Structures are given as structure tokens and as C-alpha cells.
Amino acid sequence: MQQLANTWSDLSVQKRVVAALALVAVVIMVIGLGRMATRPGLALLYAELDNSAAGEVVSALEQRGVTYSVRGGAIYVDSTQRDQLRMTLAAEGLPANSGQGYELLDRMTGFGTTSQMFDAAYWRAKEGELARTIVASPAITAARVHIANSGTKPFQRDVTPTASVTVTPAQGGLGAAHARALRFLVASAVSGLAPENVSVIDSNGGVILAGPEGDTPAGDAADRAAALKRNVERLLEARVGYGNAVVEVNIETVTDREQITERRIEPDSRVAISQDRTESTSSESGTGGASVTVASNLPDGDADGGSEQQSQASSSETRERTNFEVSEIQREILRAPGAIDRITTAVLVDGITAPGPDGDPAWAPRPEDEMEALRALVAAAVGFNAERGDELTIQTMQFQPLPDDGTGPGGLMGAGLAIDAMRLIQLGILAVVALVLGLFVVRPILTQKAASPEPEAPALGFEPPPFMSAPLFGEIDPDDTPASLKETQSLADFGGGSDDADDATPGAVERLRNLIDERQDESLQILRSWMEEDEVKS
């Protein structure tokens, strides 16, 4: 401490100010490093909330005295308290959904409420409840439901209700299967609403299902192609190994809706469906008298001269009618969008490693019989149909090896730890600044005047002059030292290395005189300081 006090007293005012400022800066840096190192890390609590919901969450955090940070539309809290805060806020109904449900009906009173107002509130509540149900899925972050109610047109018949659903997925896009599930959810909740009249819209990817004209009953072609690709890859990797097969499947679907009605009549083929037959028979027989003549009318005539005549008649009629039906074929074909038109499959398989002629392992293509077996398996997996125009190509080629740059995830130290890179960078910069201030500013200033004890001068063989009895003050630049003094390093050398005092005295005095002549100003200052000290002592 005494040495430090002496060093501080030897510093000038400017150097003392610089040393004090540097010391304060180092202390501030150290305190900052300590606070940053001990400050807990912040983790995301909620993001992309409405302004009202975010305000309620912030108010709840302030009431609990929790440290939080708002960055844009996200709220960050201490990582150690995040899960507990989420459960606590959820128990209180936070964050509240922006869409209101059936609680809208609780606020309505019987006084001043018309039927139109109640209907409007009811449908608002229905839409809010459906949106809440949809948002409950972890794959969806936000949802809006709009229902076109036909109750406002009571005098119009055959009014088909429709609805639309707009969703924001948590990540990626919304699949066709999920969209169809949302369609049936909304259609089941609204009376009279058919599933094909519900449109599902992805806010990131556009329209997914747009009613009966744009719906694909069998699912999206891209989803079906991806499913076939996964199936074929899983099938091939069981034989060739993981990463040794690349599969691409393209499905071309029918995009037009077509209805064909066909009616065919074959005149050569007929079938009797009914037969009607009618038969009629008539007969007549009888005996008559003599025929009447002129002679029989005379008085003298021969009235009995005629003879008797017999008559007999018969008739028969048959009618037959048969009804025939001509064979007729009537066929109606309906082709809806989404039907598979053609499937194109391309498969690339890596070869095998076999010993070469020199004994070293070398790449070789797979045998033809194995490729034919793989082709049959792929054809069965994708449902290959040559009559439909499907194409299947399978080839074996050498794969390029992947570059082995970097280190695997298992070789990294602390790979499983949650490390904040930005915080580490800040701590490193502050540590470097504090180290530089301490080593290159404070340390040189404090050690500059830490004078080491001078070696004791050897005894001189003569009595020094009076003005040499007091110590000299001031600094002498080594470059300004006379050449005569540079040749010697101690007072003993003033005499030229001679032990005789008589020989040493003239040489030392002569050199001292030369030094005083060359540095007159410094000599006068030294003498003046000696005189001032003598006056003070007296």
C-alpha cells in the first residue's frame, strides 16, 4: 500500500484523472459482466397475439411482479418461469380469444332486443364457438369462420347456406385431409349446411377446398404423390439401405367435370313380353219347304209340285297378337375432378460395392434380376396401369458421396444445452474491453513510478563537491547523454578504471564540468531547487 501511495503521489494531475477514469470504467465493466452473467435468460411466452389479448397478458404479469420483455408482437419472460406462467394464465382464461362465443347471448336482455338483433348475435356466437374449436388444434394458431345464413330471406325457397373458414397454420401449410375435417366440422354444426358448400382457405397458401367445383374427393394430387413416394422409399430402403434410393412420383389428375349419358338399342335382339290370341267359330243348319213358283199360285196349277230343300253354313276365325320388347342399354358416366389420369414414377438406385480385379472395393451396378424384382415391387406399390398410360422408370447409377465437412452433432460439447450465442458474444466483448483497459491503461500508469531501489554507489576515492551531496531531481533523456558519460556505467569509471584517487579526481571533475556546460538550464533548475530547500529547512 505504501508503494501504491508513493506511486500515486508521484503522478501528475492529468495522469491521476486518466487513472481514475480508467479504474471507474473497469469497475463498470466488471459490474456489467456480473449482471449479464447472473441475469436469467428470457424465453418466448406468447407471440402474434391481438392487442387486447396481449395487453391483458402484460397486465397479469405486472400484477405478479414478473420480469418480462416485449419485442414486437412477442412477450418474453424468464425461461425458468415460462411453463408455470403459461399454466397459471391459462387457468385465468388468458390469453383470451378475440372471437366471442355464446357469452354474447348472456349480455342480451329481453328489453329492447328485437328478433333481428338476437339472430345476429346468435350467428356471431356460432362463428366464435367454431373458431375456438378450430384454434384448439395445435396445428392452427388463428381461425375465422363466416356463415352465410339464409334465415334473412324467409320468402325465398331453395336458398343453400354456405360458409367459409380462414385458418393460419402454426407451421408449413394445411393439408387436404385436415381441411376436409374442418369442412365437416362446420357443416355438422350448422343445420342445413352441406360439407361441399364450405370453403377452406389457408392464409399462407391460398384456397385449399373451394366447394364442389374445386374440391378433389380423393385428396390433393400432391398429397397422394407424397404418400406414394414415402411408401416406395420405405419399400426400397428395406433392400438397398437408407439413402441409397431416390424416388419421384408425379400424379396427373382430371381437372374437368364430365357427365356422359349413353342409350343403345339393338333391333336384332327382341324378347316377347306378352301374347294375345282370339278364336271365333259359327255354324248354321235347317230344312225348308217347296219353293214358291207361278204355277203354285194358279188355281189349276201344280201347287204341290215343289220339293223340300235343306240348308247348312259354318265359319271359323282365329286372331293372335304378340308384343315384343327390343333390348336397350342406357349408361350414365360421371367423371369428377381429382380422378387419376396418369402416374409417372422415376426411381434411382445406388449400386453395390464389390471387390475389383485388384482386390480393392469398387462400385458395380446391381444385377438385372434384382432390378426386375425391384421394378415389380414399385409397380405394385404405385398401382401401375399400362392401359391408363402410366410410366415407370428404374435405373441403377452411382451416387456421389456426401462431403464430410464439419463435425457430427455427437462430437460437439454442450450440444444438448440451450446456449444463447448473442449473450456469449456480449460477454466476450465486455471481457476483452475490461482486460484491455486493465492491462494497457491502468497497469502502465500505476507501475510507471514504481522505482526500484538504486544500487549503492561504490565508495569514491575523493571528497565530492558540495553541490553533489544532494540528490538530483528531474529526468534526463538517454539520447541526450554526452558521449563521455556513455562510455562509463558507474562512478568508479570516472577515473578511467584507475584505483588511484589522485588520478580519478581530475577526470571526474572535468566530465562533470562538461555536463554542466552542456546542460546549463537543467543545472540552474537543480541549483534553484536546492536553494529553495535550504530556505525551507532554515
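Data block above holds the structure.
Residues numbered from 1 in each chain as written. Predicted model: local features only at pLDDT ≥ 70, side-chain atom pairs only at ≥ 80, totals over all residues. Heavy atoms only, no water.

Chemist: Which parts of the structure should I look at to understand the overall build of the protein?
Modeler: Each helix and strand in the protein was counted, giving 13 helices and 14 strands. Burial analysis of the protein (538 residues in total) assigns 20% to the buried set. Nonlocal contacts in the protein, meaning residues at least 24 apart in sequence, comprise 71% of its contacts between residues at least 6 apart. Of the accessible surface of the protein, which amounts to about 38,000 Å², a share of 53% is contributed by carbon and sulfur atoms. (Helix = DSSP H or I, 4+ residues; strand = E, 2+ residues; numbered from the N terminus. Buried < 20%, exposed > 50% of the residue type's maximum accessible area, 1.4 Å probe, protein only. Contact = heavy atoms within 4.5 Å. Areas by Shrake-Rupley, 256 points an atom, 1.4 Å probe, with all protein chains shown as cover.)

Chemist: Teacher, can you tell me more about the sheet that holds strand 2 (residues 68-71) here?
Modeler: In a beta sheet, neighbouring strands are held together by backbone hydrogen bonds and run either parallel or antiparallel to one another. The antiparallel open sheet is built from three strands, whose spatial order is 1-3-2. Every other strand in the sheet has two partners, leaving strand 1 (42-47) and strand 2 as the edge strands with one partner each. On average, each strand axis in the sheet is tilted by 30° relative to the strand beside it, whichever way the strands run. One ladder, built from five bridges, connects strand 1 with strand 3 (residues 74-78); its direction is antiparallel. Bridge pairing in strand 3 links Leu42 to Asp78. Against the sheet, helix 3 (residues 51-64) touches strand 1, strand 2 and strand 3, its axis set at about 20° to strand 3. (Pairing = 2+ DSSP bridges. Axes fitted to C-alpha atoms, helices over the stretch in contact; angles between N-to-C directions.)

Chemist: Help me understand helix 3 in this model?
Modeler: Structurally, the α-helix is built with 3.6 residues per turn, so residues lying three or four positions apart point the same way. If you check helix 3, its first and last C-alpha atoms are 20 Å apart, about what 14 residues at 1.5 Å a residue would give, namely 20 Å. Residues of helix 3 that are buried: Ala53, Val57, Val58, Ala60 and Leu61. In a view along the axis of helix 3, the buried residues occupy a sector of 160°, so they form one face of it. Residues of helix 3 that are exposed and point more than 90 degrees away from the buried face comprise Asn51, Ser52 and Gln63. Looking at the buried residues of helix 3, the elements they touch are strand 1, strand 2, strand 3 and helix 4 (82-91). (Expected span 1.5 Å × (residues − 1). Arc of directions from axis to C-beta.)

Chemist: I'm lost on the packing of helix 8 (residues 221-240) against helix 9 (residues 368-382) in this one. Help?
Modeler: Working note: a packed helix pair is described by the angle between its axes plus the distance between those axes. As a packed pair, helix 8 and helix 9 sit with axes 10 Å apart at the nearest point and diverge in direction by 155°. With respect to helix 9, the element helix 8 is oriented roughly antiparallel. Note on packing geometry: the crossing formed by helix 8 with helix 9 is right-handed. Every residue of helix 9 that contacts helix 8 at Leu228, Val232, Leu235, Leu236, Arg239 and Val240 is listed here: Glu370, Leu374, Leu377, Val378, Ala381 and Val382. Class assignment for the residues of the contact of helix 8 with helix 9 results in 10 nonpolar, no polar and two charged. (Parallel < 35°, antiparallel > 145°, perpendicular 65-115°, else oblique. Left-handed = near helix turned anticlockwise from the far one by under 90°. Nonpolar A, V, L, I, M, F, W, Y, C, P; charged D, E, K, R; others polar.)

Chemist: Before we go on, may I ask you to explain the side chain of Lys126 in this structure?
Modeler: Its location among the elements puts Lys126 in helix 6 (residues 115-135). Of the buried charged residues, Lys126 lacks a salt bridge, with Glu129 as the closest side chain of opposite charge at 8.9 Å. Not counting residues within four places of it along the chain, the set of residues in contact with Lys126 comprises Tyr102, Ile147 and Ala189. (Lys, Arg positive; Asp, Glu negative; His and termini not counted. Salt bridge = Lys/Arg side-chain N within 4 Å of Asp/Glu carboxyl O.)

Chemist: Explanation requested: the pairing of strand 6 (residues 198-202) in the structure shown.
Modeler: On a regular strand, each side chain points to the face opposite its neighbour's, so the side chains alternate between the two faces of the sheet. Side chains of strand 6 alternate between two faces, with Val198, Val200 and Asp202 buried and Ser199 and Ile201 left unburied. Taken together, the five bridges between strand 5 (residues 162-169) and strand 6 define a ladder with parallel strand orientation. Residue pairing in the sheet places Val167 in a bridge with Asp202 of strand 6. The handedness of the strand 5 to strand 6 crossover, carried by helix 7 (residues 176-189), is right-handed. (Right-handed = clockwise from strand over helix to strand, strands pointing away.)

Chemist: Explanation requested: helix 8 in the structure shown.
Modeler: The end-to-end C-alpha distance of helix 8 is 28 Å, a good match for the 28 Å that 20 residues give at a rise of 1.5 Å each. Next to the buried residues of helix 8 lie strand 8 (245-253), strand 11 (340-349) and helix 9. Two residues or fewer past helix 8, Gly241 is found with a positive phi of approximately 100°.

Chemist: Explain the nonpolar core here, please?
Modeler: The nonpolar side chains of a soluble globular protein tend to be buried with one another. By size, the foremost hydrophobic cluster in this structure holds 20 residues, and its most contacted members are Ile134 and Val167. Going through the elements one at a time, helix 6, strand 4 (140-148), strand 5, helix 7 and strand 6 are the ones with two or more residues in this core. Non-local contacts of Ile134, meaning those with residues more than four positions away in its chain, are made with Ile140, Ala143, Val145, Val165, Val167, Leu182 and Leu185. Counting 19 residues, the second largest nonpolar core, distinct from the first, contains Val232, Val240, Val349 and Ile394. (Core = buried A, V, L, I, M, F, W, Y, C linked by side-chain atoms within 4.5 Å.)

Chemist: What is the right way to look at the side chain of Thr345 in this model?
Modeler: Tracing the backbone shows Thr345 in strand 11. Since its relative accessible area comes to 2%, Thr345 is described here as buried. Those residues in contact with Thr345 that sit more than four places away from it in its chain are Glu248, Val249, Val378, Val382, Glu391, Leu392 and Thr393.

Chemist: Quick question: what am I supposed to make of the environment of Ala187 here?
Modeler: Following the sequence through the fold, Ala187 ends up in helix 7. Judged by its relative accessible area of 8%, Ala187 is buried. Placed 11 residues apart in sequence, Ala187 and Val198 show a C-alpha to C-alpha distance of 7.1 Å. Leave out the neighbours within four places in its chain, and Ala187 touches Leu193, Ala194, Pro195 and Val198.

Chemist: Would you mind showing me how to read the environment of Lys229 here?
Modeler: You can see Lys229 is positioned in helix 8. For Lys229, a relative accessible area of 27% puts it in the partly exposed group. Measuring from C-alpha to C-alpha, the distance between Lys229 and Val249 comes to 5.9 Å, with 20 residues separating the pair along the chain. Setting aside its immediate chain neighbours within four residues, Lys229 contacts Val247, Glu248 and Val249.

Chemist: Whenever I open this one, the sheet that holds strand 11 confuses me. Can you help?
Modeler: Ordered in space as 8-11-14, the three strands form an open sheet in which the pairing is mixed. The sheet terminates laterally at strand 8 and strand 14 (391-396), the two strands that pair on one side only. Strand-to-strand, the axes of this sheet are offset by a mean angle of 5°, without reference to chain direction. Two elements, strand 8 and strand 11, share nine bridges in a ladder whose sense is antiparallel. Looking at strand 11, one finds that Val246 is bridged to Leu348. Where helix 8 meets the sheet, its contacts fall on strand 8 and strand 11, and the angle it forms with strand 8 comes to roughly 155°.

Chemist: Teacher, can you tell me more about the pairing of strand 11 here?
Modeler: Where strand 11 and strand 14 come together, six bridges link them in parallel fashion. Opposite Ala346, over in strand 14, you have Thr393 as the bridge partner.

Chemist: Sorry, what's going on with the pattern of salt bridges here?
Modeler: Oppositely charged side chains can pair when the atoms bearing their charge come close. By the definition in use, this model includes 13 salt bridges. In this structure, the salt-bridge partner of Arg82 is Asp83, at a minimum N-O distance of 3.5 Å. Given a relative accessible area of 45%, Asp83 falls into the partly exposed group. With a shortest N-O distance of 2.9 Å, Arg342 and Glu252 are connected by a salt bridge. With a gap of 90 residues between them, Arg342 in strand 11 and Glu252 in strand 8 connect regions that are remote in the sequence.

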